[in-house]
Amino acid sequence: MKKLFISCPMKGRAPEAIRKSVEKMHKIAEATVGEELEVIPSYIPDSEYKDKPIACIGESVKRMQDADFFVCIDDSYSFRGCETEKYIAFGYGIPYIGTKLEFVAPDVFEVENAKKCVAE
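Residues numbered from 1 in each chain as written. Predicted model: local features only at pLDDT ≥ 70, side-chain atom pairs only at ≥ 80, totals over all residues. Heavy atoms only, no water.

(A) Region of interest: the overall build of the protein. Summing up its helical and strand segments, the protein has five helices and four strands in all. Since a compact globule built from 120 residues should have a radius of gyration of about 14 Å, the 14 Å found for the protein is in line with a globular shape. On the principal axes, the C-alpha backbone points of the protein span a range of 45 × 30 × 30 Å. Relative to its 120 residues, the protein shows a buried fraction of 35%. Partitioning the contacts of the protein with sequence separation of at least 6, the portion at a separation of at least 24 is 72%. (Helix = DSSP H or I, 4+ residues; strand = E, 2+ residues; numbered from the N terminus. Rg over C-alpha atoms; globule rule 2.2 N^0.38 Å. Buried < 20%, exposed > 50% of the residue type's maximum accessible area, 1.4 Å probe, protein only. Contact = heavy atoms within 4.5 Å.)

This is how it looks when you write it as structure tokens:
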């Protein structure tokens, strides 16, 4: 079975919200690819790398090494970890599937949308 790496915003989110986003992104990827995909665990609890964001992204990239596909937010939001993962996936030719933030992480979309409104 081919493997899928899921990149979604995690910082400051409840584990249940992350789990829901991962499930939605998994379904989108399988529908796009047309086959079942095994998910590579990408969730790293905040407590595991507290105050060590580079170690956290390093672990994430390490997990990505076996990915046959990569799914991520395709919007122009700035999520440091997601953007780093996306850059690496593109650079190493992992086929990518993009999705919209409002579909897979409505809680984050509301916060990000509010930030844009304040900035304008």
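(B) Region of the structure containing the side chain of glutamate 59. With respect to the secondary-structure elements, glutamate 59 resides in helix H2 (residues 53-64). Excluding anything up to four places from it in sequence, glutamate 59 contacts Ile44 and Tyr49.

(C) A look at the environment of phenylalanine 5. Topologically, phenylalanine 5 is positioned in strand S1 (residues 3-6). Sequence separation between phenylalanine 5 and glutamate 38 is 33 residues; the distance between their C-alpha atoms is 8.7 Å. Not counting chain neighbours up to four residues away, the residues in contact with phenylalanine 5 comprise Ile40, Ser42, Ser60, Arg63, Met64, Ala67, Phe69, Phe70, Val71 and Glu85.

(D) A look at the side chain of serine 42. Mapped onto the secondary structure, serine 42 falls in the loop between strand S2 (38-40) and H2. Dropping the residues within four chain positions of it, serine 42 is found in contact with Phe5, Ile6, Met10 and Arg63.

(E) Quick look at helix H3 (residues 80-91). Over its twelve residues, H3 runs 16 Å from end to end, which matches the ideal 16 Å to within 8%, given 1.5 Å per residue. Restricting attention to buried positions, one finds in H3 the residues Cys82, Glu85, Lys86 and Ala89. Across the axial projection of H3, the buried residues extend over an arc of 100 degrees, all falling on one side. In H3, the exposed positions angled more than 90 degrees off the buried face are occupied by Arg80, Tyr87 and Gly91. Buried residues in H3 make contact with S1, H2 and strand S3 (69-73). Among the residues trailing H3, glycine 93 stands out with phi positive, at a value near 70 degrees. (Expected span 1.5 Å × (residues − 1). Arc of directions from axis to C-beta.)

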